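# Examining the three-dimensional arrangement
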Amino acid sequence: MSTDTDRLGAGRYLAPAAVPDRTRTTAHELTTHDGATVNGLLRVVPGATTVAFLMHPRQDFSHHVLVPELLSRGFAVWTQGTRSIGNDLSLLHEQALLDMAAGHGFLRDHGFEHVVAVGHSGGASLAAFYLQQAGRAPTARFDSTPGGKPVPLPEASMPLADGLIMFAPHPGQGALLERMIDPSVADEADPLSVVPDLDPYDAANGFAVPPEHSRYDAAFVERYRAAQRERIARIDAVAWERVGAARTAKRRFKADGDPRDRRASLATGVITVHRTDADLRSVDLRLDPNDRPYGSLFGRRPDLTNYGIVGFGRLTTPEAWLSTWSANATRADVARCVADVHVPTLLVELTGDQACFPADARRFAELVPHPDVTHVRVPGRHFGAPLRDGMTSGATLAGKELGHWIGERFPSAAFVFA
């Protein structure tokens, strides 16, 4: 494994690379193995024989910051959504693998010599999960979600990518939420309920109103993180109970045909999770230090956004909670999946990331078993912005790294070494 630390430096801010004038963009609608419809955009520069595949389980990557960076260096780019894009209420990661498989099949059928999976943020855990399952014998793949919903991964065609790039990879939706969930919620039905001695935004526990930085002592941090795990486990119990009740009702309906059981099999309800912007590291920068600014992925005042409606895992079906947001049940976890990834891998760590911390990045890189693993660190923030005003954007610095790495391993006929 090779590791380069901040070798690109900072310097003057640069705008994202311009999309080459001769880029041809086409929209495509694909049908997955289980009959769902997904959509993607293929951008091709003349002569490109290598394509980068960008996808996220929840977000629309059509205009991702890395698209122009890759095109300007002579690579084609495929951006695709899942069947749950923009609405993760019912997001099942196992189904998202079928969506990704449709994209990989399309690109292989299109004749590209090399396909490189590029996973940014939560896209990294999705790509790693896909490569783990695609690399297994079909009979060894999962055939259902954690909650028991059948998913035909063993019967699906799942072409492997030639390489994996993880750009600012957080550990996976479940592990990320466990770090961010507020364990001081006393009543799951009341967004204002608080257990005072666990409140991360109480001065008595070490919080300071910005611009001051908070200072939590080690005992509080340990107690807080244990309580976060306990809250996730309590929500897990609710999800398992509802999924189990629905499954039991479905069996009764098959046996007796009672329409009440049919309705009960569908009525799992929706789980509401209040206050999910409460990672102590957002306001106490001494914890797992890097170059990140004060604040969270959602804003500069997590003590306020924590009480708003925006946040991870806020509204979800019990099935989707177990497949995506439960740190205990989800399988889409970078650390669990990359140990089964047997392709050349590049990990780009952004030094000001608020979701992927230095220990995370080192651990992920160390877990990949392939001998060709490269871990680089560049200044920038989680979504590719400059680390500070006047500096080169993280996306531009990462684009240079991606261009060199892909070009050396999977050269494209249109590759521009820059």
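Model, not experiment: these values are computed from the prediction. (Residues numbered from 1 in each chain as written. Predicted model: local features only at pLDDT ≥ 70, side-chain atom pairs only at ≥ 80, totals over all residues. Heavy atoms only, no water.)

## Some points on the pattern of salt bridges
For the record, the criterion: The working definition used for a salt bridge is a side-chain nitrogen of Lys or Arg within 4 Å of a carboxyl oxygen of Asp or Glu. Starting at the N terminus, helices and strands are each numbered in turn, a helix being any DSSP run of H or I of at least four residues and a strand any DSSP run of E of at least two. Type-normalised accessible area, obtained with a 1.4 Å probe on protein chains alone, sets the label of each residue: buried when under 20%, exposed when over 50%, and partly exposed for intermediate values.
All told, the structure shown has 21 salt bridges when counted by the stated rule. Note that E94 is salt-bridged to R331, the shortest N-O span being 3.2 Å. Of the two residues, E94 sits in helix α2 (residues 93–109) while R331 sits in the loop between α8 (318–325) and α9 (334–338), which places them 237 residues apart along the sequence. Here E94 and R331 have matching classes, each one buried. Residue R260 is joined to D258 by a salt bridge in which the shortest nitrogen-to-oxygen separation is 2.8 Å. Three or more residues joined by partner-sharing salt bridges are found here, namely D34, R83 and D99.

## What to know about the pairing of strand β5 (residues 76–80)
Operational definition: At least two DSSP bridges between two strands are needed for those strands to be called paired. Handedness of a crossover is defined as follows: orient the strands so they point away from the viewer, and if the path from the first strand over the helix to the second runs clockwise, the crossover is right-handed.
Among the 5 residues in β5, 5 count as buried, and that is most of the element. In β5, alternate side chains face the same way, and those of A76, W78 and Q80 on one face and V77 and T79 on the other are all buried. As paired strands, strand β3 (residues 37–44) and β5 are joined by 4 bridges and run antiparallel to one another. Directly across from L41, in β5, lies its bridge partner T79. Handedness of the β-α-β unit built from strand β4 (residues 50–55), helix α1 (residues 66–71) and β5 comes out right-handed.

## Examining the packing of helix α4 (residues 173–180) against helix α5 (residues 218–256)
Condition: Throughout, an axis means a line fitted to C-alpha atoms (over the contacting stretch in the case of helices), and angles, computed between N-to-C directions, take values from 0 to 180 degrees. Orientation categories follow fixed angle ranges, with anything under 35 degrees roughly parallel, anything over 145 roughly antiparallel, 65 to 115 roughly perpendicular, and all other angles oblique. Helix crossings are classified by the rotation of the near helix relative to the far one: an anticlockwise turn of less than a right angle makes the crossing left-handed, while a clockwise turn makes it right-handed. Any two residues whose heavy atoms approach within 4.5 Å at even a single point are treated as in contact. Lys, Arg, Asp and Glu make up the charged group, whereas Ala, Val, Leu, Ile, Met, Phe, Trp, Tyr, Cys and Pro make up the nonpolar group; the residues left over, Gly among them, are polar.
Look at α4 against α5: their axes get within 8 Å of each other, and the N-to-C directions meet at 125 degrees. Overall, the two elements α4 and α5 adopt an arrangement that is oblique. Between α4 and α5 lies a crossing of right-handed hand. Of the residues in α5, those touching α4 at L177, E178, R179 and M180 are Q228, R229 and I232. Residue composition of the contact of α4 with α5, by class: 3 nonpolar, 1 polar and 3 charged.

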